[in-house]
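Fold and contact review
For reference, the chains in residue letters:
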Amino acid sequence: MPQLPYAIDAETPLNQAELNVLRSQYEKEDDMVGVQTKFNYAWGLVKSNIRADQHLGVMLLSEIFRTSPERRRECLYYLALGNYKLGNYAEARRYNDLLLDNEPANLQASNLQSLIDDKVAKEGLMGVAIISGVAVAAGVIGGVLLRNLGRKK
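Since the structure is predicted, the reported quantities are computational estimates derived from the model, not experimental observations.

Description of the overall build of the chain
Each helix and strand in the chain was counted, giving six helices and zero strands. Going from N to C terminus, the chain has its helices and strands arranged as α-α-α-α-α-α. Counting every position in the chain, which comprises 153 residues, the buried fraction comes to 35%. By element, 60% of the accessible surface of the chain is carried by carbon and sulfur atoms, the whole surface being about 9200 Å².

Notes on the packing of helix α4 (residues 72-86) against helix α5 (residues 89-102)
It is the contact of α4 with α5, at a shortest axis distance of 8 Å, that shows an interaxial angle of 155 degrees. In terms of axis orientation, α4 runs roughly antiparallel to α5. Here α4 runs over α5; the crossing is left-handed. Contact residues: α4 offers R73, L76, Y77, L79, A80, N83 and Y84, while α5 offers Y89, E91, A92, Y95, N96, L98 and L99. Classifying every residue of the contact of α4 with α5 gives ten nonpolar, two polar and two charged.

Focus: the packing of aromatic side chains
Two numbers describe a pair of aromatic rings. These are the distance of the centres and the angle of the planes. For the coordinates displayed, the defined rule picks out five aromatic pairs. Between the aromatic rings of F39 and Y78, the centroid separation amounts to 6.1 Å while the plane-to-plane angle is 80 degrees, which identifies the pairing as edge-to-face. With F39 in helix α2 (residues 35-47) and Y78 in helix α4, this pair connects stretches of sequence that are 39 residues apart. A centroid spacing of 5.0 Å and a plane angle of 85 degrees characterise the contact between Y77 and Y78, whose relative ring orientation is edge-to-face.

With respect to the confidence of the model for the chain
In the predicted model, the chain carries a mean pLDDT of 84, and the fraction of residues at 70 or more is 74%. By mean pLDDT, helix α6 (residues 107-152) is the weakest element of the chain at 70, and helix α3 (residues 51-67) is the strongest at 96. For the stretch residues 1-5, pLDDT sits under 50, and the model shows eleven contacts to residues farther than four places along the chain or on other chains.

Here we look at unusual backbone geometry
Despite not being glycine, D30 has its phi angle at roughly 50 degrees, a positive value. As for its position among the elements, D30 is in the loop between α1 (16-29) and α2.

Points about the nonpolar core
Counting residues in hydrophobic clusters, the biggest one holds 31 residues, and the most contacted among them are L61, C75, L79, L81, Y84 and L112. At nine residues, α4 tops the list of elements feeding residues into this core. Every residue in contact with C75, bar those within four places of it in the chain, is listed here: F39, L61, I64 and F65.

Some points on the pattern of salt bridges
Enumeration according to the criterion identifies five salt bridges in this entry. As a salt-bridge pair, R73 and E103 come within 2.6 Å of each other at their nearest N and O atoms. You can see R73 sitting in helix α4 and its partner E103 sitting in the loop between α5 and α6, a full 30 residues away along the chain. Put simply, R93 and D117 hold a salt bridge, and the shortest N to O gap is 2.4 Å. With R93 in helix α5 and D117 in helix α6, the pair connects residues that are 24 residues apart, well separated along the chain.

Rules of the game
- Residues numbered from 1 in each chain as written.
- Predicted model: local features only at pLDDT ≥ 70, side-chain atom pairs only at ≥ 80, totals over all residues.
- Heavy atoms only, no water.
- Helix = DSSP H or I, 4+ residues; strand = E, 2+ residues; numbered from the N terminus.
- Buried < 20%, exposed > 50% of the residue type's maximum accessible area, 1.4 Å probe, protein only.
- Areas by Shrake-Rupley, 256 points an atom, 1.4 Å probe, with all protein chains shown as cover.
- Axes fitted to C-alpha atoms, helices over the stretch in contact; angles between N-to-C directions.
- Parallel < 35°, antiparallel > 145°, perpendicular 65-115°, else oblique.
- Left-handed = near helix turned anticlockwise from the far one by under 90°.
- Contact = heavy atoms within 4.5 Å.
- Nonpolar A, V, L, I, M, F, W, Y, C, P; charged D, E, K, R; others polar.
- Phe/Tyr/Trp six-rings, centres within 6.5 Å; stacked < 30°, edge-to-face > 60°.
- pLDDT = per-residue confidence, 0-100.
- Core = buried A, V, L, I, M, F, W, Y, C linked by side-chain atoms within 4.5 Å.
- Salt bridge = Lys/Arg side-chain N within 4 Å of Asp/Glu carboxyl O.

Rendered as structure tokens:
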């Protein structure tokens, strides 16, 4: 992944001690967890390299996005980042585009858009290669079967 200065969040997880501090605060508040505490914990989870953490982070951010309209703007980038890291590129692009619609000069979102576009292009080429390989294999198998059928006559 290229190192873009404003999309550095895609590559820099918190260390386990820092994440544990956020988790402890979140768990301590229990049923009365505040939006800021939930956001901080979700932010730390999204930055993680552990897929389950990223997924939980996206879920928490989605809850904030739905229930706290005043906090939507700050959730957009991390929802885009979390979905990008999970490989949900369509969702990542959707959230990132919402942010860029409101803030076209946002360098973090612009750089994340580049990362998303690069991944989509790269995985699209891999998909084409896989499909081509399957088609060639099917052709070879079909040819062998037809040749064998011709010999049996």
